[in-house]
Amino acid sequence: MKIAFYNTKPYDQRYFNQVNLTHGHDIHYISAHLNLETAKLIQDEEVVCAFINDKLDADVLRTLKNQGVRLIALRSAGFNHVDLSAAKTLGLPVVRVPTYSPYAVAEHAAGLLLCLNRKIHRAFNRVREGDFSLHNLMGFDLHGKTVGVIGTGKIGQCFINIMLGFGCRVLAYDVCVDEECQEKGVEYVSLESLFAQSSIISLHCPLNDATQHLINHESLELMQDGVTIINTSRGKLIDTKAIIKALKQGKVGLLGLDVYEEEEALFFEDFSDSVIQDDQLSRLLTFPNVIVTSHQAFFTEEAMQKIAQVTLTNITDFAQQGLIRNEVTL
């Protein structure tokens, strides 16, 4: 099939071209993000491949449908950027990559935690300047700490295994209790109990109406002073204004973010020669106890290979058999 591949980066082309050798699709790479204006770039493509910071609202989907697009293939697990109700009305199926490498994201979350705790990012810069002092580099043992994990799907379970390996006590909250986690000693508790007991909290849940701004003024008040919060899931799980206030007050001691509430306009692009116009993100970047990475937790060779394989297989199955695998539904 002919595919309009939006929001293209060199690494996308590398992995998709490699996997496409066995699929034989005609891929038209487009560097621009997908929005109402760039949707008009469609020529005779029947499939649109989009990423998490592309815009697929009702107007965009209607434009794509009118131009002959038959399938939306997301190369991501997340789909909150798609108007699924409009897609259903238009008869435009949406497929995704439900899992790629849970290890990639969980290991990045652990990396953020270790780096923040042991001040590795600060020590790296100091040593390069000839400063070998240990002033303000004190950390704490992870062993014996209580870690709260919100969301015990595949990524959450991988993170739990890492924390258990460090000798942590793990509390968990999820709408579905996982028996294997319980057998390993994970204690499922209420959100309120998790907030109150955990010295470290890691978010691994999807974004929906129930979880948007899960971390807010009220939930932060329930947490221990100096709590560590890690978010490698979705940016809008955290109310940025509330977390900035909590950082200033010392309620949050360490904060590791791989996602950000308003990341769509910034992440995956190079603004090193520009002034960042997002005042909240700029404020976050001033805190010495905050690390922000640009949604790179998924970015491993294994994950990219799997994303390309599943995305193109979704398209091949649709083209050859009319099958809609890994469909996203309301």
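Located above this text is the structure these notes cover.
Not measured: the values here are computed from a predicted model.

In this structure the tally under the stated criterion is two cavities of 30 Å³ or more. Of the pockets and cavities examined, the largest cavity occupies roughly 90 Å³. Lining the largest cavity, in full, are Asn 7, Lys 9, Tyr 11, Asp 12, Phe 51, Arg 75, Phe 268, Phe 298, Met 304 and Ile 307. Secondary structure elements with two or more residues in the lining of the largest cavity: α1 (10–20) and α12 (301–321). In the lining of the largest cavity, the residues fall into six nonpolar, one polar and three charged. If you add up the space inside the second largest cavity, you get close to 40 Å³. Together, Asn 231, Gly 235, Ile 238, Thr 240, Ile 243, Leu 257, Val 259, Tyr 260, Glu 261 and Leu 284 line the second largest cavity.

Before going further, it helps to spend a moment on the nonpolar core. Residues Ile 150, Ile 215, Leu 220, Ile 229, Ile 243, Val 252 and Leu 255 are the most contacted members of the largest nonpolar core, which totals 58 residues. The biggest single contributor to this core is α12, with seven residues. Ignoring sequence-local partners within four residues, the contact set of Ile 229 consists of Ile 201, Ile 215, Leu 220, Met 223, Ile 238, Ile 243, Val 252, Leu 254, Leu 255 and Gly 256. One finds Ala 110, Phe 159, Tyr 188 and Ile 200 within the second-largest nonpolar core, a separate group that totals 24 residues.

Moving on to the sheet that holds strand β1 (residues 2–5). Strand order in the open sheet formed by five strands is β2-β1-β3-β4-β5, with parallel pairing between adjacent strands. If you trace the sheet from one side to the other, it starts and ends with β2 (26–29) and β5 (94–95), each paired once. Two elements, β1 and β2, share four bridges in a ladder whose sense is parallel. Opposite Ile 3, over in β2, you have Ile 27 as the bridge partner. α1 rests against β1 and β2 of the sheet, and its axis sits at about 175° to β2. Against the sheet, α12 contacts β1, β2, β3 (47–50), β4 (71–74) and β5, and its axis sits at roughly 160° relative to β4.

What counts and what doesn't
Residues numbered from 1 in each chain as written. Predicted model: local features only at pLDDT ≥ 70, side-chain atom pairs only at ≥ 80, totals over all residues. Heavy atoms only, no water. 1 Å grid on protein atoms, 1.4 Å probe; cavity = no way out; pocket = protein on both sides within 12 Å on 5 of 7 lines; lining within 4 Å. Points joined across faces, edges and corners; volume = space filled by probe spheres on them. Helix = DSSP H or I, 4+ residues; strand = E, 2+ residues; numbered from the N terminus. Nonpolar A, V, L, I, M, F, W, Y, C, P; charged D, E, K, R; others polar. Core = buried A, V, L, I, M, F, W, Y, C linked by side-chain atoms within 4.5 Å. Buried < 20%, exposed > 50% of the residue type's maximum accessible area, 1.4 Å probe, protein only. Contact = heavy atoms within 4.5 Å. Pairing = 2+ DSSP bridges. Axes fitted to C-alpha atoms, helices over the stretch in contact; angles between N-to-C directions.

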